[in-house]
Amino acid sequence: QVQLVESGGGSVQAGGSLRLSCAASGGTFSSNCMGWFRQAPGKEREGVAIFYTGDGATYYADSVKDRFSISQDNAKYTVYLQMNSLKPEDTAMYYCAAALRRSLCWTTRRWTPDEYNYWGQGTQVTVSS
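The present account deals with the structure reproduced in this document.

Scoring rules and cut-offs
- Residues numbered from 1 in each chain as written.
- Predicted model: local features only at pLDDT ≥ 70, side-chain atom pairs only at ≥ 80, totals over all residues.
- Heavy atoms only, no water.
- Pairing = 2+ DSSP bridges.
- Helix = DSSP H or I, 4+ residues; strand = E, 2+ residues; numbered from the N terminus.
- Axes fitted to C-alpha atoms, helices over the stretch in contact; angles between N-to-C directions.
- Phe/Tyr/Trp six-rings, centres within 6.5 Å; stacked < 30°, edge-to-face > 60°.
- Buried < 20%, exposed > 50% of the residue type's maximum accessible area, 1.4 Å probe, protein only.
- Lys NZ or Arg CZ within 6 Å of the ring centre and 35° of its normal.

### Structural notes on the sheet that holds strand β8 (residues 78-83)
Taken in spatial order, the four strands line up as β1-β3-β8-β7 in an open sheet, and their pairing is antiparallel. On the outer flanks of this sheet lie β1 (3-7) and β7 (68-73), each paired with one strand and no other. Taken pair by pair, the neighbouring strands of this sheet meet at an average axis angle of 15°, ignoring direction. Across five bridges, β1 lies against strand β3 (residues 18-25) in antiparallel orientation. Within β3, the residue paired with Gln 3 across the bridge is Ser 25.

Set out below in structure tokens:
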């Protein structure tokens, strides 16, 4: 019943910005991990940014720290990923995910894709030059 739908991807030049949106339905996830993962061709899926809906705590991969920002709009049931200073290495399919385990964000396994129960269809981000 839970559905996650990503949007906002596209093509942008290096140094540009994009904001990805993940619209959730069928569940509130009031005290859960929600996150953004990405997967580039030939590479494994990796965590980018995690948001704990219980208190708004955020976690970022070193590769995107200080460039990306994850946030939530409760009224719109949406989680966002603001992506600034984009680099070609950021090119990937970006996925929104949500976990059922309420304590997940308190552990390092927050970065493990297999811990997440719901996934969106993905939105492509392509950064040129």
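### Quick word on the packing of aromatic side chains
Enumeration over the complete set of coordinates arrives at five aromatic pairs. Judged by centre distance (5.0 Å) and plane angle (70°), the rings of Phe 37 and Tyr 116 are edge-to-face. Remark: Tyr 116 occurs in the loop between β9 (92-98) and β10 (118-119) and Phe 37 occurs in strand β4 (residues 33-39); sequence separation between them is 79 residues. When its relative accessible area of 0% is taken as the criterion, Phe 37 is described as buried. Here Tyr 95 and Trp 119 contribute two aromatic rings whose centre-to-centre distance is 6.4 Å and whose plane-to-plane angle is 80°, an arrangement assigned as edge-to-face. Of the two residues, Tyr 95 sits in strand β9 while Trp 119 sits in strand β10, which places them 24 residues apart along the sequence. For Trp 119, a relative accessible area of 26% gives the class partly exposed. An aromatic cluster of three or more residues is present, and its members are Phe 37, Tyr 95, Tyr 116 and Trp 119. If you follow Arg 19 out to its NZ or CZ, it ends over the ring of Tyr 80, 4.2 Å from the centre. In this arrangement the basic side chain of Arg 45 is found over the ring face of Trp 119, its NZ or CZ atom lying 4.8 Å from the centre.

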